[in-house]
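Listed below, chain by chain, are the residues.
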Amino acid sequence: MDNQYQNFQGHVLRILEPAAVGDKLSKFCDYALSILVILNLVAVTLESVPELERKFKEAFYFFEIFSVIVFTLEYLARIWSAPAKRPIVKRNHAAHTRWSYIKSFYGLIDFLSIMPFYLQAFFPGLDLRVLRTLRLIRILKLNAYNSALEDLFGAIMEEKRSFLTTLYIFVVAFVMSSSLIYFAENKVQPEDFRSIPDAMWWAIITLTTVGYGDVSPVTVMGKCIAAFTAIFGVTVVALLTGIVANSFNAQMDRRKIIFEDQVRTALLDGFLDSEEEITLDELRKKFGMSKMQADALIEHVKQTKSETS
């Protein structure tokens, strides 16, 4: 009986997790949840248009109920099946693994994606605009099937020292520019530069090269400070972009090397069997490589192997 229960838990977890190669049911679940998330984003966006909100209010409401039911069932199923993700090593294994999921990044996102509906149900006086905004958090559920955010944070963490150094320089320039422009412009533009915190708005949009033009200096000193701030901002933003871009490239290069090593290992017997092809395809998807790129690397390894043999 226990084995059947654990097997069913594992089956549910397998369906909910990103699909492995050949798992049609899990892939269907991935696509269905992803499409539902995208439709929710479209619905929240259209619902903010007063004319559409009045005309399709009932349709929006019932679609939200349907979505919350699906996301709630998914959330509860993930909590229930969490023990199947890890081997049993503790006496309170089930409670420990379920709590680990609940407090994890994806667990919090799953909780926050359904929370606005229940908040509105139990506290009808809450601001609906805030709740609609919170519903947009559902877009982060797509991260479970796409490693884009993880790749970005990974790239930043790998170059953490360089990134923090450049960010520190940016903060210094931000504070200095805000202070200097305040002292240069406060007397002639007291409404726009009432204080250093007010001047920080001008500093941030100038340093990031956005430059809305809603607040601009008029004194000679202020214009000189603005020119220096703009030039310095371009330099710092370029440095930050370059650091992240180089880290991304290094990350991709490492993945290619790992994939090539895996191909070489699989080709030790001279050919790729079906199990090895499935393993390589799973690794390709994990690394975010295209089928054409992976095939090219496999052919390169085969060619290199034939030349050296």
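Rules used in this analysis
Position labels on residues start from 1 in each chain and follow its written sequence. Two thresholds apply to this predicted model, a pLDDT of at least 70 for residue-level local features and 80 or more for giving and counting side-chain atom pairs, whereas whole-chain, interface and lining totals are computed over all residues. Where side-chain values are given, they derive from all heavy atoms of the structure, hydrogens and water being excluded. Only Phe, Tyr and Trp rings take part, Trp by its six-membered ring, and two of them pair if their centres are within 6.5 Å. Stacked means planes under 30 degrees apart, edge-to-face means over 60, and tilted covers everything else. A 1.4 Å probe rolled over the protein chains alone gives each residue an accessible area, and that area as a share of the maximum for its type sets the label: buried under 20%, exposed over 50%, partly exposed in between. The secondary structure listing takes helices from DSSP runs of H or I that are at least 4 residues long and strands from runs of E that are at least 2 residues long, numbered from the N terminus. By this rule, a helix spans an expected 1.5 Å times one less than how many residues it contains. By convention in these notes, a salt bridge is any Lys or Arg side-chain nitrogen within 4 Å of a carboxyl oxygen on Asp or Glu. Surface patches are drawn from residues lacking salt bridges whose relative accessible area is over 30%; two like charges belong together within 9 Å, two nonpolar side chains (Val, Leu, Ile, Met, Phe, Trp, Tyr) within 5 Å. The Shrake-Rupley method, run with a 1.4 Å probe sphere, supplies the accessible areas, and residue values consider only the shown protein chains as cover. In plain words, nonpolar cores are sets of buried Ala, Val, Leu, Ile, Met, Phe, Trp, Tyr and Cys residues tied together by side-chain atoms within 4.5 Å. Residue contacts are defined here by distance: any two heavy atoms, one from each residue, within 4.5 Å place the two residues in contact. Side-chain atoms alone can form a polar contact between residues adjacent in sequence; in general such a contact is a pair of N or O atoms within 3.5 Å, and within protein one must be able to donate a hydrogen while the other accepts it. Note on geometry: axes are lines fitted to C-alpha atoms, helical ones only across the stretch in contact, with angles between N-to-C directions running from 0 to 180 degrees. A crossing counts as left-handed when the near helix is turned anticlockwise from the far one by less than a right angle, and as right-handed when that turn is clockwise. The residue classification treats Ala, Val, Leu, Ile, Met, Phe, Trp, Tyr, Cys and Pro as nonpolar and Asp, Glu, Lys and Arg as charged. All others, Gly included, are polar. Any angle that falls under 35 degrees is termed roughly parallel, while one over 145 is termed roughly antiparallel, one within 65 to 115 roughly perpendicular, and all others oblique. On a range of 0 to 100, pLDDT expresses the predictor's confidence in each residue.

**Q** Any chance you could explain the packing of aromatic side chains here in plain terms?
**A** Centre distance and the angle of the planes are the two values used to describe a pair of aromatic rings. Scanning all chains against the criterion turns up 8 aromatic pairs. Geometrically, the ring pair formed by Phe 105 and Tyr 106 is edge-to-face, given 5.3 Å between the ring centres and 75° between the ring planes. Tyr 106 sits in the partly exposed class, given a relative accessible area of 27%. When the centroid spacing of 5.8 Å and the interplanar angle of 25° are considered together, the rings of Phe 228 and Phe 232 count as stacked. A residue pair is termed a helical-turn pair when its members lie 3 or 4 positions apart in one helix, as Phe 228 and Phe 232 do in helix H11 (residues 220–266) at 4 residues. Overall, the relative accessible area of 56% leaves Phe 228 in the exposed class. Note on Phe 232: relative accessible area 27%, which makes it partly exposed. One aromatic cluster in this structure is built from Tyr 75, Tyr 101 and Phe 111.

**Q** How should helix H2 (residues 24–47) be read in this particular structure?
**A** For H2, which comprises 24 residues, the first-to-last C-alpha distance of 34 Å matches the rise-based estimate of 34 Å (1.5 Å per residue) to within 8%. Along H2, the residues that are buried comprise Ser 26, Cys 29, Asp 30, Leu 33, Ser 34, Leu 36, Val 37, Asn 40, Leu 41, Ala 43, Val 44 and Glu 47.

**Q** Honestly, the pattern of salt bridges in this entry has me stumped. Any pointers?
**A** Two side chains with opposite charge may pair up if their charged atoms get near one another. Taken as a whole and judged by the stated rule, the model has 7 salt bridges. Across the salt bridge formed by Asp 198 and Arg 194, the nearest N and O atoms sit 3.3 Å from each other. Look at Asp 198 and you get partly exposed, because its relative accessible area is 28%. You can call Arg 194 exposed: its relative accessible area is 53%. Where salt bridges share partners, they join Glu 17, Glu 74, Arg 78, Lys 85 and Asp 110 into one cluster.

**Q** Could you clarify how one ought to interpret a nonpolar patch on the surface in this entry?
**A** Taken together, the side chains of Tyr 168, Ile 169, Val 172, Met 176 and Leu 180 define a hydrophobic patch exposed on the protein surface, amounting to about 470 Å² of accessible area. Along the polypeptide, Leu 180 turns up in helix H9 (residues 160–185). Looking at Leu 180, the relative accessible area reads 42%, which means it is partly exposed.

**Q** How should I be thinking about the nonpolar core in this particular structure?
**A** In a soluble, globular protein the nonpolar side chains are often hidden away together inside. In this structure, Phe 163, Ile 181, Phe 193, Ala 199, Trp 202, Leu 207 and Ile 225 are the most contacted members of the largest nonpolar core, which totals 19 residues. Broken down by secondary-structure element, the contributors of at least two residues to this core are H9, helix H10 (196–207) and H11. Considering each element in turn, this core owes the most residues, 7 residues, to H9. The residues contacting Ile 225, other than those within four sequence positions of it, are Ser 177, Leu 180, Ile 181, Ala 184 and Trp 202.

**Q** Just checking my understanding: could you explain the side chain of Ser 26 for this structure?
**A** Summarising the element assignment, Ser 26 is placed in helix H2. Within the local environment of Ser 26, its side chain forms a polar contact with the backbone oxygen of Ile 15, the two atoms lying 3.2 Å apart. The residues contacting Ser 26, other than those within four sequence positions of it, are Arg 14, Ile 15, Glu 17, Pro 18 and Ala 19.

**Q** What is the right way to look at the packing of H2 against helix H4 (residues 57–81) in this model?
**A** Axis angle and axis distance: for two packed helices, these are the angle between their axes and the distance between the axes, and together they describe the pair. Put simply, H2 and H4 touch, their axes get as near as 11 Å, and they point 145° apart. Between H2 and H4 the crossing geometry is left-handed. Contacts from Leu 33, Leu 36, Val 37, Leu 39, Asn 40, Ala 43, Leu 46 and Glu 47 in H2 reach Phe 60, Phe 63, Glu 64, Phe 66, Ser 67, Val 70, Phe 71 and Glu 74 in H4. Grouping the amino acids of the contact of H2 with H4 by side-chain chemistry returns 11 nonpolar, 2 polar and 3 charged.

**Q** I keep staring at the packing of H9 against H10 and nothing clicks. Help me out?
**A** H10 packs onto H9 with a crossing angle of 125° between their chain directions and a minimal axis gap of 8 Å. Of the possible angle classes, the one that applies to H9 and H10 is oblique. Where H9 crosses over H10, the two elements pack in a sense that is right-handed. Contact with H9, carried on its side by Phe 170, Ala 173, Phe 174, Ser 177, Ser 178, Ser 179, Ile 181 and Tyr 182, involves Ile 196, Ala 199, Met 200, Trp 202, Ala 203, Ile 204 and Leu 207 of H10 and no other residues of that element. Each residue belonging to the contact of H9 with H10 can be placed in one class, and the counts come to 12 nonpolar, 3 polar and no charged.

**Q** Whenever I open this one, the environment of Val 263 confuses me. Can you help?
**A** You can see Val 263 is positioned in helix H11. Judged by its relative accessible area of 0%, Val 263 is buried. For the pair Val 263 and Leu 108, spaced 155 residues apart in sequence, the C-alpha separation works out to 37 Å. Apart from the residues lying within four places of it in its own chain, the contact partners of Val 263 are Leu 280, Ile 298 and Val 301.

**Q** Even after reading the chapter, I still don't get the confidence of the model for the protein chain, so can you show me in this structure?
**A** Segments scoring low in pLDDT should not have their predicted coordinates read at a detailed level. Counting all residues, the mean pLDDT for the protein chain is 83, and 92% of those residues have values of 70 or more. Mean pLDDT per element in the protein chain: helix H7 (residues 128–135) is the minimum at 67, and H4 is the maximum at 91.

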